[in-house]
Amino acid sequence: MNGIRKTQQEISNLIGEKNSFNRIIKVSDRFGDYGIVGLILAKKIENNLMVESFLLSCRVLGRNVEDTVLSEMQNFCSSKELNSIQLLFIATQRNMPFQQFIARTGWLINEETSNYYLPLEMENQIKF
């Protein structure tokens, strides 16, 4: 999502934070078990979910995994009455699929912070 690499200690610190939202992404389908293919590191800041890392293996790109993860984040935010999901996104040569995901799913850019955000009004939620 942003090309920022984190050390094991940094990940441990993020996971241990009080308002953290962290998920391991494991995928299986009718063709087999792909195992662990991704990671979400995020935290609640005020009334928003700030996603610091959204990692996903290229093995599952194009299989709607990213859409399912987004739907789960939306459900979490809705249950916690959060207003938006925000991304610490930085465009790189290696994250073109993530750039396409942002464009396809309707994220907006905050001109002040350069962060992408997705308001969590019902009409903006992705439906499957």
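Residues numbered from 1 in each chain as written. Predicted model: local features only at pLDDT ≥ 70, side-chain atom pairs only at ≥ 80, totals over all residues. Heavy atoms only, no water.

**Some details on the overall build of the protein**
- On a plain count of helices and strands, the protein comes out with 3 helices and 6 strands.
- Each helix (α) and strand (β) of the protein, taken in turn from the N terminus, gives the series α-β-β-β-α-β-α-β-β.
- In terms of principal-axis extent, the alpha carbons of the protein reach across some 40 × 35 × 30 Å.
- Evaluated residue by residue, the protein yields a buried proportion of 41% over its 128 residues.
- Contacts spanning at least 24 positions in sequence make up 54% of the contacts within the protein whose residues lie at least 6 apart.
- Entry remark: accessible area of the protein is about 8,100 Å², with carbon and sulfur atoms responsible for 49%.
- Separation between the mean location of the 14 positive side-chain charges and that of the 14 negative ones in the protein comes to 8 Å. (Helix = DSSP H or I, 4+ residues; strand = E, 2+ residues; numbered from the N terminus. Buried < 20%, exposed > 50% of the residue type's maximum accessible area, 1.4 Å probe, protein only. Contact = heavy atoms within 4.5 Å. Areas by Shrake-Rupley, 256 points an atom, 1.4 Å probe, with all protein chains shown as cover. Lys, Arg positive; Asp, Glu negative; His and termini not counted. Charge placed at Lys NZ, Arg CZ, Asp CG, Glu CD.)

**A look at the environment of Ser-84**
- Looking at the secondary structure, you find Ser-84 in strand β4 (residues 84-87).
- Separated by 17 residues in sequence, Ser-84 and Phe-101 place their C-alpha atoms 17 Å apart.
- Each residue touching Ser-84, except ones within four places of it in the same chain, is listed here: Asn-47, Asn-48, Leu-49, Cys-77, Leu-118, Pro-119 and Leu-120.

**A closer look at the pattern of salt bridges**
- If you walk through the whole model with that rule in mind, you get 5 salt bridges.
- Here Glu-52 ties to Lys-6 by a salt bridge, and the two come within 4.0 Å at their closest N and O atoms. Here Lys-6 lies in the segment before α1 (8-16) and Glu-52 lies in strand β3 (residues 48-56), a separation of 46 residues in the sequence.
- By relative accessible area, Glu-52 is classed as buried at 12%.
- One salt bridge in this structure joins Arg-104 and Glu-66, with 3.9 Å as the shortest N-O distance. Residue Arg-104 is found in helix α3 (residues 96-104), and its partner Glu-66 is found in helix α2 (residues 65-79); the two are separated by 38 residues along the sequence.
- For Glu-66, a relative accessible area of 12% gives the class buried.
- A single network of salt bridges, built from pairs that share partners, joins Lys-6, Glu-17, Lys-43 and Glu-52. (Salt bridge = Lys/Arg side-chain N within 4 Å of Asp/Glu carboxyl O.)

**A short note on the packing of aromatic side chains**
- Scanning all chains against the criterion turns up 6 aromatic pairs.
- Here Phe-21 and Phe-76 contribute two aromatic rings whose centre-to-centre distance is 4.3 Å and whose plane-to-plane angle is 40°, an arrangement assigned as tilted. With Phe-21 in strand β1 (residues 20-29) and Phe-76 in helix α2, this residue pair connects regions lying 55 residues apart in the sequence. Considered together, Phe-21 and Phe-76 belong to a single accessibility category, that of buried residues.
- Measuring from centroid to centroid gives 5.4 Å for Phe-89 and Tyr-116, while their planes differ by 85°, and the two rings are edge-to-face. Here Phe-89 is found in the loop between β4 and α3, whereas its partner Tyr-116 is found in strand β6 (residues 116-119), with 27 residues between them in sequence.
- The partly exposed category is assigned to Tyr-116, whose relative accessible area is 21%. (Phe/Tyr/Trp six-rings, centres within 6.5 Å; stacked < 30°, edge-to-face > 60°.)

**Quick word on the sheet that holds strand β2 (residues 32-45)**
- A sheet is described by the order of its strands in space; here 6 strands give the open sequence β1-β2-β3-β4-β6-β5, paired in mixed fashion. Because the sheet does not close on itself, it has two edges, and the strands there are β1 and β5 (108-109).
- Across 2 bridges, the pairing between β5 and β6 is antiparallel. Among the inter-strand pairings, Leu-108 is bridged to a residue of β6, identified as Tyr-117.
- Packing against the sheet, α1 makes contact with β1, β2 and β3, and its axis sits at approximately 105° to β1.
- Its contacts with the sheet put α2 on β1, β2, β3, β4 and β6, and the angle it makes with β3 is roughly 160°. (Pairing = 2+ DSSP bridges. Axes fitted to C-alpha atoms, helices over the stretch in contact; angles between N-to-C directions.)

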